[in-house]
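Report on the structure
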Amino acid sequence: MSIVTVQLGQCGNQIGFEVFDALFSDSHCPQGLCSKRENEAYQASCKERFFSEEENGVPIARAVLVDMEPKVINQTLSKAAHSGRWKYGQHSCFCQKQGSGNNWAYGYSVHGPRHEESIMNLIQKEVEKCDSLNGFFIIMSMAGGTGSGLGAFVTQNLQDQYSNSLKMNQIIWPYGTGEVIVQNYNSILTLSHLYQSSDALLVHENDAVHKICAKLMNIKQISFRDINQVLAHQLGSVFQPTYSGEGSFHYRRNPLGDLMENLVPHPEFKMLGVRNIPQMSENSLAYSTFTWAGLLKHLRQMLISNAKMEEGIDWQVRPPLSGLPTRGKMSLNKEFHFNTSIANLVILRGKDVHSAELGAFKDPALYTSWLEPVHAFSVWKTQRAFSKYEKSAALVSNSQFLVKPLDTIVGKAWNMFASKAYIHQYTKFGIEEEDFLDSFTLLEQVIASYCNLGF
Amino acid sequence: MTQSVVIQVGQCGNQIGCCFWDLALREHAAVNQKAIYDEAISSFFRNVDTRVVGDGGSISKGKICSLKARAVLIDMEEGVVNEILQGPLRDVFDSKQLITDISGSGNNWAVGHKVFGSLYQEQILEKLRKSAEHCDCLQCFFIIHSMGGGTGSGLGTFLLKVLEDEFPEVYRFVTSIYPSGEDDVITSPYNSMLAMKELNEHADCVLPIDNQSLFDIISKIDLMVNSGKLGTAIKPKSLVTSSAGAFKKRQEKPFDAMNNIVANLLLNLTSSARFEGSLNMDLNEISMNLVPFPQLHYLVSSLTPLYTLADVNIPSRRLDQMFSDAFSKDHQLIRADPKHSLYLACALMVRGNVQISDLRRNIERLKPSLRFVSWNQEGWKTSLCSVPPVGHSHSLLALANNTCVKPTFIELRERFTRLYRKRAHLHHYLQIEGMEESCFTEALSSLSALIQEYNQLDATKSMPAEELPRLSVAV
């Protein structure tokens, strides 16, 4: 089954390129550490999922590129074409001349309706190329105008037009110290709208990825390209093919469906975070060896202590002992807090993957009380190594990972809203104060729900 | 990609405009080696086949034939415009883009605004419509003028209302040269005050600049160039003030160096919209991010570096120095000290080989010494454009919406009041049809209201940022 990706705005398009590039490179990586037949099955599955075939054999990404101004799309198209290995479809992009000006209202209320038909037609064409559609990735940032506003509009349309297909939004959270001054407004408007029309929100935080680049990858002068490549690596480690069942050698056909089923049991809880391990520069990789026990121990601690990466993990945080009174509401002010999960998905790739011991992830103390661990925890595996890492593990978690960052964004937006600063820029295009208040209400609800998971 | 039209009004406006077009051509020549007419060039220039008579000569793609500036030149005296048309840039403009008269405005805002305004309204509209028609997607008007005189000040601001009515969707960015204290035009406070009211009401964004600051910057550069420190040499073509390397050698005139700074400002402002980069910033994002309330649209600008030393390897310390300089009061294009006033918002537009980590490192470093308003503690807007300006490896333009503009306005009000109290020279204005005393009093109250807004914001400077109670929801 295939996934169609919609890349929106500068961020969405820049990242989209790196994602397809990472997927392609990995699937053609010679160090798969598995049999030839296995490798071919992996490649074929990746191909079916993310690429379609053209006459001369160059794979075409199953993607639709949307931006309200032409510079980034032009660059993205030419970068892909120059690589010679894969490319974007010639007619898969939609572009305008004047951007959205970092204005969510402009992206949503002006560009959305104006270009609805053209954009949905493009998506339809891409969908028709698939033998069977698994669902959609929508890659967008929250801070700007196009990715955020138009992204929210397109997601809504996808819900209406493809109600049977799944939608996962890959949302990029901006740096805390601004890239865009009105980023907090744009963020709350985006999140509140997506909460109603998307099936899952997979969040990538620029601050976290930046730290990974600095500390783990040892990059001195970090560029957005570096950040996007780490992000693409994380996504690839989740969505590259995995076996469809325990002990099976056939590749999973419905990754989105399986993921949603496992991780999003309740519509109030849609925010997913992703972590992976190990993460290092290629130079260091040559000199490192790993054991599953070591990797999983770190990954579990990253989960429960809400660490963004494998360095600087707080080993003091422990799951509460069962039998003790309930943990109670999560305090947003306390530093060392135990991260309660609703559901977790661990993806293992590489040598001896079947020997990996995952019991520690099934500990009921990790989870909220309303799901049995057997339902709350799932694992996907493949023997085929990912992107030159002999062993690698990824975690997709529906937990309290994002409560603090979300709370911070809502707090800043509220503070600004109280002074009415910049509101005239939004009301100009039909987003009124009530719309802001509705967004705040919805998000406060989400924050409160996640905080109360400990009960 | 969008296009912008530059409207240069009055002597000052046209002189600066001339420097701007010269620089723009140089920049595009340096970036666009193959002489293909691409979208970046089209933002400021049309490509015209000059053999075709009349209007049909526009060429939208392919090789550059003849570049025509998207500009309208307006002056009520012929001297400056004639000089431009006889100078090295004569091929860049055509006669259809000009509006001139012979008598001048006599340093009288009322003559510029009321007399010439009504006289030339039709012509102005016609030229503007023509330039708009030549654009695929017109995004912005850049108006360049001075505040102290008659034409730039009066007719320049008359234009704003016309633009607002005729092209409501197109942004109006105004670069205004404010008179300095030693201005020799006696009536400049009247002209500036009357112009301010128009700027308050009809401009989207104003970049105030004053001559004294430009002059101080020049002096500093001269000092640096002439001090000849051992081992240092200024890279050729890197002086922000020079027209060295111009298409044809021009004789350097006294205001040239100062005008070049302003021209550089405008080029850098639009660079991220024209050229590619990892974090683009379009012109509509400027007003979206930097104008929190419609009246507070005055942006203080600073440009660094002003020159580049000839070192080939620029270590990151130099890069960091560039950021520090942008916030020092010596680099602002108006007399202002942003560090000791309150920031409402700040934009950093970087060009060249600078990455996001450099940007973030410097923001973290400088943040503690800057005061931001309580509801916008992290009010930074950033952009990264890959193409550096000619002669530099990187550059930074900082635009700040900061209460440090207040002293300029207060001083203007004081100088105005000193004259107005004695009713000095008032008859020159009142004798113009359409002018009444109320024009003056309204302008004064408009400026006072603006100053009051800044005062209220400044009052919050010393107050601690309070945590507002959030919405509480039942779970």
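Keep in mind the model is a prediction, meaning the values are calculated, not measured. (Residues numbered from 1 in each chain as written. Chains lettered and ligands numbered in written order. Predicted model: local features only at pLDDT ≥ 70, side-chain atom pairs only at ≥ 80, totals over all residues. Heavy atoms only, no water.)

1. As for the overall build of chain A
This is how the line gets drawn: Secondary structure elements follow DSSP: runs of H or I no shorter than four residues count as helices, runs of E no shorter than two count as strands, and numbering proceeds from the N terminus. C-alpha atoms define the radius of gyration, and 2.2 Å times the number of residues to the power 0.38 defines the globule rule. Here the term buried applies to any residue with accessible area under 20% of the maximum for its type, exposed to any over 50%, and partly exposed to those in between, with areas from a 1.4 Å probe on protein chains only. Note on contacts: a residue pair qualifies if any of its non-hydrogen atoms lie within 4.5 Å across the two residues.
Along its length, chain A carries 15 helices and 12 strands. Scaling as 2.2 N^0.38, a compact globule of 455 residues should have a C-alpha radius of gyration of about 23 Å, and chain A matches this with 21 Å. Seen along its three principal axes, the alpha-carbon backbone of chain A occupies a region of about 65 × 60 × 45 Å. Across the 455 residues that make up chain A, the buried fraction comes to 64%. Residue pairs at least 24 apart in sequence account for 81% of intrachain contacts in chain A once pairs closer than 6 positions are excluded.

2. Thoughts on the interface of chain B and chain A
Put simply, the test is: Buried area is a sum: the accessible area each of two parts loses on coming together, probed at 1.4 Å, counted once for each and added. By salt bridge we mean one thing: a side-chain nitrogen of Lys or Arg within 4 Å of a carboxyl oxygen of Asp or Glu. Think of a polar contact as two N or O atoms within 3.5 Å of one another; within protein, one of them needs to be a possible hydrogen donor and the other a possible acceptor, and neighboring residues in sequence only count if both atoms come from side chains. Under the scheme applied, nonpolar residues are Ala, Val, Leu, Ile, Met, Phe, Trp, Tyr, Cys and Pro; charged residues are Asp, Glu, Lys and Arg; polar residues are all the others, including Gly.
Facing the 55 residues of chain B at the interface are 53 residues of chain A. Here chain B meets chain A over a buried area of about 4,400 Å², counting both sides, of which 53% is carbon and sulfur. Area buried by chain B at its contact with chain A is led by Met288(B), Arg470(B) and Leu471(B), which between them contribute 18% of it. Counting the contacts that link chain B with chain A gives 5 salt bridges. Taking the shortest distance from any N to any O, the salt bridge between Glu378(B) and Lys412(A) comes out at 2.9 Å. Viewed at the interface, chain A and chain B are joined by 29 residue pairs in polar contact (both at pLDDT 80 or more). Listing elements by their share of the side of chain B that touches chain A, those giving two or more residues are helix H8 (256–274), helix H9 (283–290), strand E10 (342–352), helix H11 (356–366) and strand E12 (380–385) of chain B. In terms of residue count, the dominant contributor to the side of chain B that touches chain A is H9(B) (6 residues). Per-class residue counts for the side of chain B that touches chain A are 25 nonpolar, 16 polar and 14 charged.

3. Some remarks on the domain arrangement of chain A
Residue and element names in this part refer to chain A. Condition: Reported domain spans reflect what an automatic or database domain assignment gives.
With domains assigned, chain A is organised as domain 1 (2–273), domain 2 (277–400) and domain 3 (404–452). Each of domain 1 and domain 2 was reduced to a C-alpha centroid, and the two centroids are 24 Å apart. Counting residues at the interface gives 45 residues for domain 1 and 36 residues for domain 2. The junction of domain 1 with domain 2 conceals about 3,600 Å² of combined surface from both sides, 61% of it contributed by carbon and sulfur atoms. Three residues stand out in domain 1 for area buried against domain 2, namely Leu216, His233 and Leu263, and they jointly supply 18% of the buried area on that side. Where domain 1 meets domain 2, there are 2 salt bridges. In this assembly, domain 1 and domain 2 are joined by 17 residue pairs in polar contact (both at pLDDT 80 or more). Elements supplying a minimum of two residues to the side of domain 1 that touches domain 2: helix H1 (9–27), helix H2 (36–50), strand E8 (200–205), helix H7 (206–216), helix H8 (224–239), helix H9 (255–263) and strand E9 (271–277). The element best represented in the side of domain 1 that touches domain 2 is H8, accounting for 7 residues. Across the side of domain 1 that touches domain 2, the residue classes break down as 23 nonpolar, 14 polar and 8 charged.

4. Regarding the sheet that holds strand E4 (residues 63–67) of chain A
All names here are of chain A. Heads up, the rule is: Two strands pair under a simple rule: DSSP has to find at least two bridges between them. Throughout, an axis means a line fitted to C-alpha atoms (over the contacting stretch in the case of helices), and angles, computed between N-to-C directions, take values from 0 to 180 degrees.
Spatially, 10 strands are ordered E5-E4-E1-E6-E7-E8-E9-E12-E10-E11 in an open sheet, and the strand pairing comes out mixed. Strands with a single pairing partner mark the edges of an open sheet, and in this sheet they are strand E5 (93–95) and strand E11 (377–382). Neighbour to neighbour, the strand axes of the sheet diverge by 20 degrees on average, direction disregarded. Lying on the sheet, H1 is in contact with strand E1 (2–8), E4, strand E6 (133–141) and strand E7 (166–173); it crosses E1 at an angle near 140 degrees. Helix-sheet contacts for helix H11 (residues 292–305) involve E9, strand E10 (341–350) and strand E12 (391–399), and the interaxial angle to E12 is about 20 degrees.

5. Here's the deal with the side chain of Asn284(B)
Relative to the helices and strands, Asn284(B) is located in helix H9. Residue Asn284(B) is classed as buried on the basis of its relative accessible area of 5%. Setting aside its immediate chain neighbours within four residues, Asn284(B) contacts Gln98(A), Gly99(A), Ser100(A), Gly101(A), Gln139(B) and Tyr171(B).

6. Here's the deal with the packing of helix H5 (residues 151–166) of chain B against helix H6 (residues 188–202) of chain B
Residue and element names in this part refer to chain B. Just so we agree on the cut-off: Geometric relationships in this document are graded by angle, where less than 35 degrees denotes roughly parallel, more than 145 denotes roughly antiparallel, 65 to 115 denotes roughly perpendicular, and other angles denote oblique. Note on convention: the crossing is left-handed when the near helix lies turned anticlockwise from the far helix by less than a right angle, right-handed when the turn is clockwise.
The N-to-C vectors of H5 and H6 enclose an angle of 15 degrees; their axes lie 9 Å apart at closest approach. Considering the angle they form, H5 stands roughly parallel to H6. Classified by chirality, the crossing of H6 by H5 is left-handed. Residues Ser153, Thr157, Leu160, Lys161 and Glu164 of H5 touch H6, and the partners they reach there are Asn191, Ala195, Glu198, Leu199, Glu201 and His202. Taken together, the residues of the contact of H5 with H6 sort by class into 3 nonpolar, 4 polar and 4 charged.

7. As for H5(B)
All names here are of chain B. Put simply, the test is: To estimate the expected span of a helix, subtract one from its residue number and multiply by 1.5 Å.
Taking 1.5 Å per residue as the helical rise, H5 with its 16 residues ought to reach 22 Å, and the 21 Å between its terminal C-alpha atoms agrees with that figure. Taking burial as the measure, the 16 residues of H5 include 12 buried ones, the bulk of the element. Taken together, the buried positions of H5 are Thr151, Gly152, Ser153, Gly154, Leu155, Gly156, Thr157, Phe158, Leu159, Leu160, Val162 and Leu163.

8. A look at H11(B)
With respect to burial, H11(B) is a largely interior element, 8 of its 11 residues being buried. Within H11(B), burial applies to Ile356(B), Ser357(B), Asp358(B), Leu359(B), Arg360(B), Asn362(B), Ile363(B) and Leu366(B).

9. Considering empty space enclosed by the protein
The following threshold applies: The rule is simple: put a 1 Å grid over the protein atoms alone, call a set of points where a 1.4 Å probe fits but cannot get out a cavity, call an open set with protein on both sides within 12 Å along at least five of seven lines a pocket, and count a residue as lining if it has an atom within 4 Å of a point. Grid points are joined across faces, edges and corners, and a volume is the space filled by probe spheres set on the points.
All chains considered together, the criterion is met by 6 cavities of 30 Å³ or more. Its volume calculated, the largest cavity comes out at about 530 Å³. Taken together, 39 residues make up the lining of the largest cavity; nearest its centre are Gln10(A), Cys11(A), Ser141(A), Gly144(A) and Leu279(B). Its residues placed into classes, the lining of the largest cavity shows 14 nonpolar, 18 polar and 7 charged.

10. Regarding the sheet that holds strand E1 (residues 3–9) of chain B
Residues and elements named next belong to chain B. Pairing in this open sheet of 6 strands is parallel, and the strands run E5-E4-E1-E6-E7-E8 from one edge to the other. The sheet terminates laterally at strand E5 (98–100) and strand E8 (205–210), the two strands that pair on one side only. If you compare each strand with its neighbour and ignore which way they point, the axes differ by 15 degrees on average. Alignment of strand E7 (residues 171–178) against E8, held across 6 bridges, turns out to be parallel. Following the sheet pairing, Tyr178 is matched in E8 by Asp210.

11. Section: the confidence of the model for chain B
Low pLDDT means the predicted atomic positions in that stretch should not be read closely. Residue and element names in this part refer to chain B. What counts here: Confidence of the predictor in every single residue is expressed as pLDDT, which spans 0 to 100.
Confidence along chain B averages 86 in pLDDT terms, with 89% of residues attaining 70 or more. Taken together, the stretch residues 244–251 has pLDDT below 50 and engages in 17 contacts with residues farther than four places along the chain or on a different chain. In the predicted structure, residues 310–314 sits below a pLDDT of 50 and forms 6 contacts with residues beyond four places in sequence or in another chain. In the model output, the complex is listed with pTM 0.92 alongside ipTM 0.88.

12. So, the packing of helix H6 (residues 183–197) of chain A against helix H13 (residues 403–418) of chain A
All names here are of chain A. H13 packs onto H6 with a crossing angle of 120 degrees between their chain directions and a minimal axis gap of 8 Å. In this structure, H6 meets H13 at a crossing whose hand is left-handed. Together, Asn184, Tyr185, Ser187, Ile188 and Leu191 of H6 and Leu406, Ile409, Val410, Lys412, Ala413, Met416 and Phe417 of H13 make up the contact between the two elements. Classifying every residue of the contact of H6 with H13 gives 9 nonpolar, 2 polar and 1 charged.

13. Here we look at the pattern of salt bridges
All names here are of chain A. Within the structure shown, the criterion is met by 35 salt bridges over all chains. For Lys388, the salt bridge identified is with Glu282, shortest N-O distance 3.4 Å. Taken together, the residues span a long stretch of sequence, with Lys388 in the loop between E11 and E12 and Glu282 in helix H10 (residues 282–285) at a distance of 106 residues. Of the residues examined, Glu282 reaches a relative accessible area of 56% and is grouped as exposed.

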